[in-house]
Amino acid sequence: MTDLPIISAFNDGYVAEMQERFERDPDSVDESWRQFFAMASQLRGVTSPPAADPAYLRKIAGAAALVQAIRQYGHLGVQLDPLGSPPAGAAELKAEFHGITEADLAIIPGSALGFEADATAAAAVARLRGVYSATIGFEFEHIERDAERAWFRRVIEDGEMRRTLTDEEKRAVLRRLTEVDGLERFLARAYQGYKRFSIEGNDTLVPMLEAAIEGAAAVGAREVVMAMAHRGRINVLTHVLDKPVSAVFEEFEGKYAANAASDTGDVKYHLGAETDRERQLGARVHVSLMPNPSHLEMVNPVLEGVARAQQRVPGTLRVFDESSVLPIAMHGDAAFPGEGVVAETFNLSNLRGYRTGGTLHIIVNNQIGFTTDPCEGRSTHYASDLAKGFEVPILHVNGDDAEACIASVWLGLAYRERFGKDFLIDLVGYRRQGHNEADEPVYTQPMLYAAIKTHPTTRELWGRRLTTEGVIEAGAMERLDAEIQAEFEKVHALVKAKTTADAEPGEGGASMSAAPVTTAVPAEQLIALNERMLSWPSDFHPLPKLARVLERRRPALAAEGGVDWGHAEALAWASLLVSGTAVRISGQDAERGTFSHRQAVLHDHESGKTYTPLQHLAEDAAPFEIYNSPLSEVAVLAFEYGYSVASRNTLVLWEAQFGDFANVAQPIIDQFISSDGAKWGQDSGVVMLLPHGYEGQGPEHSSARLERFLQMCAENNMRVAYPSTPAQYFHILRRQALSAHRRPLVLMQPKSLLRLPLAASHLSDLVSGTFKPVIDDPIASQNPTNVRRLVLCTGKIYYDLLAGVEANEGSTEHLAIVRLDELYPWPHEALAQVLDRYTDIDEVVWTQEEPRNMGAWSFVSPRLRGAVGNAMTIRYIGRPERASPAEGYAAPHAEQQSRLVAETLAPIAAKRAGVRATSGAR
Ligand SMILES: Cc1ncc(C[n+]2csc(CCOP(=O)(O)OP(=O)(O)O)c2C)c(N)n1
């Protein structure tokens, strides 16, 4: 960071202090001071004035400070607003602020400031003002690494980035701008009042994206993946993603079933698209735009996950090639500073597990958010200021200056290539229409809209400039426009003439009944994998205490058994890795596991080095990635979701520290995980691991809000399960990874059960069988006719009931306790088989530990009724309706738990005649 304080004039004391600092550590003072002192030391031997004159040296110091101020604050002098509102300016940009005059600059040689090519400081300052306070505002002095700051100074001041466009390129930009604004004008005429979230006012976005695609491909990218909100999306789809104009018109006509794979679809300004773009030299680059929900900015971390997955080198799965995929994220100027997910996503950008080698961010800044002015929408000067905290370089550019806009993209790409980090362009334009085209902006911004009305379009300004420069002849701009409008007219007439949609309606929710997969693994293989996971290099020293704990995994596979949750998980992953499925998991403290049950990454207690046995199973095993995530839910879950969308052969898991923290990621669950298939035909196999269970840990550490997930289930959109044994967990993980039908899996996870001997599995449970959605009572099912009360439950409460049964030895023959380990898809068949077995029951009981308005009850209740018919009694046993999920104190918690166990196990009331279960009425 700069060392120059804001002072009104330099005095000798200040210069002396700077000199002292310079002599102690040259890097502790700014570059201009370094040059100044270097020059001063050369002059020390020179006796003739004015070099030895302190007043003269002060002027040089002032000039050096001015130079630094221009570099740092020059952006505040740039005319950024196309509508003409003046730049903020900064006192430091004037010579007088630094105790000198402009005239003084003329008597100082440029070399005194380190500018050998400039005859005088005046020439140097004029040149710097010409780059730092002209058409692009640069902000890079907040970057911590001086190598990056020096790079920026060099490329900006030497003009390396400012290649002027050739005449041909200028004409191509004019054509694009004419198509861009022509499409909006055409749609405005043909579909008056329809929402299209017009791009007008930020038209230059389209040529910028084209420059970015071309530029990325030129340095080897094979893929450009983009995300953006509603604004300008139709234009970007048409002109960057090559979506046919006819398809756009068909959507406006309401004729086009945009996505035949889904039932319900989405509005046209949320849809994604992809295309192959032919490059100038014949190479191809694949370009895609992510589908996007209305929830602004939520797509950003999804984009990063997709990009990261795509950066794996195809075929090898081993290496990431960050230059091969460029992510581009577009933002609104109100949404960018407003939505916290933006910051969370930036925070991922330089982390080992999440980096993508730099995202190009563009704020499509129309200086308004719906009806909200910037002064109401943010506490910072620029819309982009948040990014400064993440040391992202920022360029501000006037959207009417197409050349500067394109040059900004080139600089961004060069920076990414050089430093592999994020870059941001604040494209300052305006919004020619209302928020949407049915919206009247004059109600709230009368003055602004009066100014917009008289402001020529970007196309007109660019066309006039090219005419003046002689790049096009007079009248050419108008002829081009007429030609493009005529083309739209022709296509539109054809679309109008069609009477029915071409596309067939979608099939609706896909069935989950894809071919069953083998999830059992031969014993020899599991034992061998177990050994691999228990071995580490001879010079690696895990903590002896931990080594002893892990060693128990050896006898666990022997006759006495005892496979716990962490062990079953490791075996499931290991078996997948050696058969070619990659595994990636992240979450808070995921490497060790919140409850110390995973220990996937070992730490040498002598050297601190780490060793991850799952990464050393076999030469040709697929990669295993595990990362402790930052303290974020929304961005991390979204990232993992995105990764799973793009990587079909990776089992991708996100783990919440406690299940209900997932509610901070609710938009990702609502807008992506549960509904992506129905809206966009997008699929994902992401797994959410959500610790859940009532153990007296209070309102926030008990419930993963199972009810919310179940409420969202329909059309086979996802799976929701609460496995009750390590073996069930093993099988469901493997099924998820190997199943051809990909949908997200929401898993309630245990806490106290993680090592509960009663819950442990046996090797034989892993080498045969598969995941069972329903587990019958192993004892009661031997004598089903004794059973009067059929208790159904899911998850951890089973073990509380089991403990109760054991404690009440001999008095519970009237009970069968059946577990529903998978709740969605609702296990019709498996449950029916169980119900058919118990022909003499009087009642069905659903026992849960959650309050009545939470947990699975409201989901289960109507389905149970369907399964047992109207004549059967169905009872609820659990906590009463509650505002908060669980008790804060241990005593009331224990009281509730024992009450619901006691009620469930209570002796049966007097038997009612003639009422028997039937599974017929499902
Ligand atoms: C998370 C979220 N909150 C609120 C909205 C409603 N909304 C849609 S657009 C908009 C204004 C966005 O302004 P800006 O980010 O500047 O983009 P612009 O529409 O101006 O391009 C608002 C408030 C939304 N879509 N998503």
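Every value quoted in this text rests on a predicted model; they were computed, and no experiment measured them.

Conventions we followed
Residues numbered from 1 in each chain as written. Predicted model: local features only at pLDDT ≥ 70, side-chain atom pairs only at ≥ 80, totals over all residues. Heavy atoms only, no water. Helix = DSSP H or I, 4+ residues; strand = E, 2+ residues; numbered from the N terminus. Buried < 20%, exposed > 50% of the residue type's maximum accessible area, 1.4 Å probe, protein only. Contact = heavy atoms within 4.5 Å. Areas by Shrake-Rupley, 256 points an atom, 1.4 Å probe, with all protein chains shown as cover. Pairing = 2+ DSSP bridges. Axes fitted to C-alpha atoms, helices over the stretch in contact; angles between N-to-C directions. Near = heavy atom within 4 Å. Polar contact = N/O pair within 3.5 Å; in protein donor to acceptor, adjacent residues only side chain to side chain. Nonpolar A, V, L, I, M, F, W, Y, C, P; charged D, E, K, R; others polar. pLDDT = per-residue confidence, 0-100. Parallel < 35°, antiparallel > 145°, perpendicular 65-115°, else oblique. Left-handed = near helix turned anticlockwise from the far one by under 90°. Core = buried A, V, L, I, M, F, W, Y, C linked by side-chain atoms within 4.5 Å. Salt bridge = Lys/Arg side-chain N within 4 Å of Asp/Glu carboxyl O. Phe/Tyr/Trp six-rings, centres within 6.5 Å; stacked < 30°, edge-to-face > 60°.

A. Region of interest: the overall build of the protein chain. When helices and strands are tallied, the protein chain shows 31 helices and 22 strands. With the C-alpha coordinates aligned to their principal axes, the bounding extent of the protein chain is approximately 115 × 75 × 50 Å. A buried classification covers 58% of the 922 residues belonging to the protein chain. When contacts within the protein chain are restricted to residue pairs at least 6 apart in sequence, long-range pairs at least 24 apart make up 79% of them. A total of about 35,800 Å² of accessible surface is found on the protein chain, and carbon and sulfur atoms cover 53% of it.

B. Quick look at the sheet that holds strand S21 (residues 843-851). With mixed pairing, 5 strands are arranged side by side in an open sheet as S17-S19-S18-S21-S22. Of all the strands in the sheet, just strand S17 (774-775) and strand S22 (873-879) have a single pairing partner and so form its edges. Alignment of strand S18 (residues 789-793) against S21, held across 4 bridges, turns out to be parallel. Across the sheet, residue valine 791 finds its bridge partner in S21, namely valine 845. Docked against the sheet, helix H30 (residues 857-868) engages S18, S21 and S22, running at close to 170° with respect to S21.

C. Inspection of the site of the ligand at higher detail. Not every one of the 15 residues close to the ligand is listed here, only the nearest: His230, Arg231, Ser294, Asp333 and Ala335. One of the backbone N or O atoms of alanine 335 is found 2.9 Å from an oxygen atom in the ligand. Between asparagine 366 and the ligand, the recorded distance is 2.9 Å, taken from a side-chain N or O atom to an oxygen atom. In isolation the ligand offers 580 Å² of accessible surface; the protein chains occlude 75% of this area. In terms of residue class, the shell around the ligand is built from 5 nonpolar, 7 polar and 3 charged.

D. Just the confidence of the model for the protein chain, in detail. Model confidence for the protein chain is summarised by a mean pLDDT of 91, while 92% of its residues fall at 70 or above. Segment residues 258-262 is flagged for pLDDT under 50; beyond a separation of four residues in sequence, or across chains, it makes 16 contacts in the model. For the stretch residues 912-922, pLDDT sits under 50, and the model shows 33 contacts to residues farther than four places along the chain or on other chains.

E. Focus on the packing of helix H7 (residues 167-190) against helix H10 (residues 245-253). Relative to each other, H7 and H10 sit at 30°, their axes nearing to 12 Å. Relative to H10, the element H7 is oriented roughly parallel. Seen along the crossing, H7 lies across H10 with a hand that is right-handed. Across the interface between the two elements, Leu183, Phe186 and Leu187 of H7 pack against Val245, Val248, Phe249 and Phe252 of H10. Grouping the amino acids of the contact of H7 with H10 by side-chain chemistry returns 7 nonpolar, no polar and no charged.

F. Structural context of the nonpolar core. With 110 residues, the main nonpolar core has Leu205, Met226 and Phe249 as its most contacted residues. Per element, the largest residue contribution to this core is 10 residues, and it comes from helix H15 (residues 402-419). When sequence neighbours within four positions are dropped, the list of residues in contact with methionine 226 reads Leu209, Val236, Val240, Leu241, Val287, Ser288, Leu289, Met290, Leu303, Ile328 and Met330. The next biggest cluster of nonpolar side chains, apart from the first, holds 78 residues, and it includes Ile668, Phe709, Leu823 and Phe859.

G. Looking closely at the pattern of salt bridges. Within this structure, the stated rule accounts for 54 salt bridges. A salt bridge links glutamate 179 to arginine 176; the nearest nitrogen and oxygen atoms lie 2.5 Å apart. Of this pair, glutamate 179 and arginine 176 are both found in helix H7, 3 residues apart, which corresponds to roughly one turn of the helix. Taken as a pair, glutamate 179 and arginine 176 share a single burial class, namely buried. One salt bridge in this structure joins glutamate 822 and arginine 719, with 3.4 Å as the shortest N-O distance. Of the two residues, glutamate 822 is situated in strand S20 (residues 822-824) and arginine 719 in strand S15 (residues 719-721); the sequence distance between them amounts to 103 residues. According to the relative accessible area criterion, glutamate 822 is buried, its value standing at 4%. Three or more residues joined by partner-sharing salt bridges are found here, namely Arg175, Arg176, Glu179, Glu210, Asp242, Arg277 and Glu483.

H. Looking closely at the packing of aromatic side chains. Applying the stated criterion across every chain yields a total of 30 aromatic pairs. Where phenylalanine 152 meets phenylalanine 423, the ring centres are 6.5 Å apart and the plane angle is 20°; that geometry is what we call stacked. One end of the pair, phenylalanine 152, is in helix H6 (residues 146-157); the other, phenylalanine 423, is in strand S8 (residues 423-428), with 271 residues separating them in the sequence. Between tyrosine 354 and tyrosine 627 the ring centres are 6.1 Å apart and the planes differ by 50°, which places this aromatic pair in the tilted class. Taken together, the positions of tyrosine 354 in the loop between helix H13 (340-348) and strand S6 (360-365) and tyrosine 627 in strand S12 (residues 624-628) put the pair 273 residues apart, joining distant regions of the chain.

I. The arrangement of the sheet that holds strand S14 (residues 687-691) in detail. Spatially, the 7 strands line up as an open sheet ordered S12-S9-S13-S14-S16-S15-S20, and their pairing is mixed. Each of the sheet's edge strands pairs with one partner strand only, and the pair in question is S12 and S20. Neighbour-to-neighbour, the strand axes of this sheet turn through a mean angle of 20°, independent of strand direction. The pairing of S15 with S20 spans 2 bridges and is classified as antiparallel. Counterpart to valine 720 in the pairing with S20 is tyrosine 824. The strands that helix H21 (residues 565-578) touches are strand S9 (582-587), S12, strand S13 (650-655), S14 and strand S16 (745-749); relative to S9, the one it contacts most, it runs at about 140°.

J. Geometry of the environment of leucine 466. Structurally, the position occupied by leucine 466 is in helix H17 (residues 458-469). Along the sequence, leucine 466 and aspartate 167 sit 299 residues apart, while their C-alpha atoms lie 8.7 Å from each other. Look past the residues within four positions of leucine 466 in its chain and what remains in contact with it is Lys170, Arg171, Leu174, Val471 and Ile472.

K. Highlighting the side chain of histidine 597. With respect to the helices and strands, histidine 597 occurs in the loop between S9 and strand S10 (602-603). A residue is classified by how much of its surface remains accessible, and histidine 597, at 9% relative accessible area, is buried. What histidine 597 contacts, discounting residues up to four positions off in sequence, is Arg553, Gly566, Arg592, Glu655, Leu754 and Arg755.

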